[in-house]
Amino acid sequence: MSQVPLYNHVRSGDLVVGKPVPYSIYDTYDRLLLRRGKVLKSEQQRKLLRVVGRTRAVSPSEQPSPTRRAAKLESIELNQHEHFDPFEQFFYCATNLQRAIKAVWLGKKDEFRERLSGMISRLGNLIDRDADAALGAAQLTKDFPNRVLHPMRKAIICDLLSRSAGMDGQQRCSVVGAALTANLGMLELQDVLDNQHGGLSDEQLNKLHEHPLLSANMLRRAGVEDVSWLRAVLEHHERMDGSGYPRGIGKGQICDEACLLMLADSFMAMVTPRSYREALTVRSALRELLGGKTVRYHSGYAKLLVKELGIYSPGTYLRLSNDEISVVARRGKDPTSSPQVYSFAVAGHEKTGQPHQRLDNPRHRNLAEEDVAIRGIYRSEDIKIPFSMNEVWGYSHVVEK
């Protein structure tokens, strides 16, 4: 694996429309956004570079403090000093993915590539800044159809797994791009299947098996030339035991990017409710992916999935031993350790018919440090009491602008 470059965030004062930039600017995937000496052309370009831009540091001492895992415990304090709203960023990314999908179907190739490239940079920046909030937004947001939310969720997981696996920026960008576009060839079928109660017809099954090839061909026609991206799309429904499609290839023949994507795709399908079945809990889905009589998924990447998400991932609803209902805000230090949560309701009682009630004083709890245990997991569709995601993840200061 190649060495990861060191970065500093760009300084706002260095970005002046109509003036050349004093250094080359990259995104989190090490993609060059603007070369040193090139003129900043517009306010829109300035805003994008201000949000996602980085400049390579000249020494390790200049490297910014990490914002993932251990540093997540301090993220609330760190983010109080600047305007950063992860949920606004997630909404922006999802909106632009939706528009990019529309553009490619209308044959607007340049718009498709431009929108997709910009939102990939923003999504990577969001994950860089606060992966827990990104996971929570992906799990809890209901403002978009599944054709948008499913690829967004897959992309976030693929980014986290590719980082943990030590992939370089180009590989990470390829797998994230593939996650966002793998289902382009079956969008109409996906909309039907999301609301279908019965099994698939022979025609639907054929279309399902064809969609990796159709998606890859659409991307080629739209001007995507990244071979790893295209191959990951083509192979993301293959399986290590050779039981997948469209070609039925197996272990040793499937690229690493596709191995990550197939895992993220299957996991998100399991934890997402459908009209014909309930969603699995994260814990049950991870158990199913790691179990089975045959090895269908890359075992090393499956273990990384457990490591990165933990059994209580952000956005999961929990019932605590004190009868509080909480949502997981931040992962624990390891997959099985107690997470940080936000309690916002009191559990009702099914026998008496008493419904859940809003908690008078919502509060954050670090379950690793309190004498409160987890007693159960709720499905997301079972919790109807609203709460502020900005409050849960420590961004209430940016709600009022």
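Up top you'll find the structure we're talking about.
Everything quoted here is computed from the prediction, not taken from an experiment.

Draft legend 1. Structural detail: the overall build of the protein chain. Tallying secondary structure elements over the protein chain gives 13 helices and nine strands in all. Rg of the C-alpha trace for the protein chain: 21 Å, near the compact-globule value of 21 Å for 401 residues, within the 12% margin. The principal-axis extents of the C-alpha atoms in the protein chain amount to approximately 70 × 55 × 35 Å. Sorting the 401 residues of the protein chain into buried and exposed places 51% on the buried side. When contacts within the protein chain are restricted to residue pairs at least 6 apart in sequence, long-range pairs at least 24 apart make up 66% of them. About 19,200 Å² of surface is accessible on the protein chain, with carbon and sulfur atoms providing 49% of the total.

Draft legend 2. Quick look at the packing of aromatic side chains. Scanning all chains against the criterion turns up seven aromatic pairs. Where Phe 84 meets Tyr 395, the ring centres are 5.9 Å apart and the plane angle is 70 degrees; that geometry is what we call edge-to-face. With a gap of 311 residues between them, Phe 84 in the loop between helix 2 (75-79) and helix 3 (86-105) and Tyr 395 in the segment after helix 13 (389-392) connect regions that are remote in the sequence. Relative accessible area serves as the criterion here: at 5%, Phe 84 is assigned to the buried category. Considering the side-chain rings of Tyr 317 and Phe 387, the 6.2 Å spacing of their centres and the 80 degrees angle between planes classify their relative orientation as edge-to-face. On the criterion of sequence distance, the pair formed by Tyr 317 in strand 5 (residues 317-320) and Phe 387 in the loop between strand 9 (374-378) and helix 13 is long-range, its members being 70 residues apart.

Draft legend 3. Here's a closer look at the packing of helix 3 against helix 5 (residues 146-164). Across the interface, helix 3 lies against helix 5 with an axial gap of 10 Å and an inter-helix angle of 120 degrees. In terms of orientation, helix 3 lies oblique with respect to helix 5. Taken as a pair, helix 3 and helix 5 cross one another with a handedness that is right-handed. Listed contacts from helix 5 to Phe 90, Cys 93, Ala 94, Leu 97, Gln 98 and Ile 101 of helix 3 are Arg 147, Val 148, Leu 149, Pro 151, Met 152 and Ile 156. A class-by-class count of the residues in the contact of helix 3 with helix 5 yields ten nonpolar, one polar and one charged.

Draft legend 4. Broad picture of the sheet that holds strand 8 (residues 357-366). Reading across from one edge, 8-7-6-5-9 is the order of the five strands in this open sheet, with antiparallel pairing throughout. Only two strands of the sheet have a single neighbouring strand rather than two, namely strand 8 and strand 9. Taking each pair of neighbouring strands and ignoring which way they run, the sheet shows an average axis angle of 30 degrees. Seen against the sheet, helix 4 (residues 109-140) touches strand 5 and strand 6 (324-330) and runs at an angle of roughly 130 degrees to strand 6.

Draft legend 5. Region of interest: the packing of helix 4 against helix 5. Orientation of helix 4 relative to helix 5, taken along the N-to-C sense of each, is 100 degrees, at an axis distance of 9 Å. Taken together, the axes of helix 4 and helix 5 lie roughly perpendicular to each other. Contacts between helix 4 and helix 5 involve Met 119, Leu 123, Gly 124, Ile 127, Asp 128, Ala 131, Ala 134, Leu 135, Ala 138 and Gln 139 on the former and, on the latter, Met 152, Arg 153, Ala 155, Ile 156, Ile 157, Asp 159, Leu 160 and Arg 163.

Draft legend 6. Structural detail: helix 9 (residues 227-235). All of the buried residues in helix 9 are Trp 229, Leu 230, Ala 232, Val 233, Leu 234 and Glu 235. The opening residue of helix 9 is Asp 226, an N-cap whose side-chain oxygen sits 3.0 Å from the backbone nitrogen of Ser 228.

Draft legend 7. Layout of helix 1 (residues 43-52). Inspection of helix 1 places Arg 46, Leu 49 and Val 52 among the buried residues, and these make up the whole buried set. Buried residues of helix 1 fall within an arc of 155 degrees about the axis and therefore sit on the same side. Packing partners of the buried residues in helix 1 comprise strand 2 (25-26), strand 3 (32-34), strand 4 (54-56) and helix 4.

Draft legend 8. Representation of the pattern of salt bridges within the structure. Inspection of every chain in the model, using the stated rule, returns 24 salt bridges. With its nearest N and O atoms 3.4 Å apart, the salt bridge here joins Asp 265 to Lys 154. Pair noted here: Asp 265 is in helix 10 (residues 256-271) and Lys 154 is in helix 5, with a separation of 111 residues, a long-range link. Its relative accessible area of 0% is what places Lys 154 among the buried residues. Residue Lys 207 pairs with Glu 203 through a salt bridge whose shortest N-O separation is 3.6 Å. Of this pair, Lys 207 and Glu 203 both sit in helix 8 (residues 202-221), four residues apart, which is roughly one turn of the helix. Given a relative accessible area of 52%, Glu 203 falls into the exposed group. Among the charged side chains, a salt-bridge network with shared partners connects Asp 130, Asp 132, Glu 308, Arg 330 and Arg 331.

The rules we used
The residue count restarts for each chain, going from 1 along the sequence in the order it is written. Thresholds applied to this predicted model are a pLDDT of at least 70 for local features of residues and 80 or more for the giving and counting of side-chain atom pairs; totals over whole chains, interfaces and linings are not thresholded and use all residues. Hydrogens are left out, water is left out, and the side-chain values use all remaining heavy atoms of the structure. A run of DSSP states H or I qualifies as a helix once it reaches four residues; a run of E qualifies as a strand once it reaches two. Both are numbered from the N-terminal end. Restricting the calculation to C-alpha atoms gives the radius of gyration, and the globule rule supplies 2.2 Å times the number of residues raised to the power 0.38. Whether a residue is buried, partly exposed or exposed follows from its accessible area with a 1.4 Å probe, protein chains only, as a fraction of its type maximum: under 20%, in between, or over 50%, in that order. Any two residues having at least one pair of non-hydrogen atoms within 4.5 Å are treated as being in contact. Method for areas: the Shrake-Rupley scheme with a 1.4 Å probe, in which residue coverage is limited to the protein chains shown. Think of it this way: a Phe, Tyr or Trp ring, Trp meaning its six-membered ring, pairs with another when their centres are within 6.5 Å, and the plane angle makes it stacked under 30 degrees, edge-to-face over 60, tilted otherwise. All axes here are fitted lines through C-alpha atoms, helices being fitted over the stretch that makes contact, and every angle between N-to-C directions spans 0 to 180 degrees. Should an angle lie under 35 degrees it is considered roughly parallel, over 145 roughly antiparallel, and from 65 to 115 roughly perpendicular; all remaining angles are considered oblique. Each crossing gets its hand from how the near helix is turned against the far one by less than a right angle, where anticlockwise is left-handed and clockwise is right-handed. Put simply, Ala, Val, Leu, Ile, Met, Phe, Trp, Tyr, Cys and Pro go in the nonpolar bin, Asp, Glu, Lys and Arg in the charged bin, and everything else, Gly too, in the polar bin. In this description, strands pair whenever DSSP reports at least two bridges between them. Identification of polar contacts relies on pairs of N or O atoms within 3.5 Å, with a donor-acceptor requirement for protein atoms, meaning one able to donate a hydrogen and the other able to accept it, and with residues adjacent in sequence counted only if both atoms are side-chain atoms. To be clear, the arc concerns the directions from the helix axis to the C-beta atoms. Salt bridge, as used here: a side-chain nitrogen of Lys or Arg that lies within 4 Å of a carboxyl oxygen of Asp or Glu.

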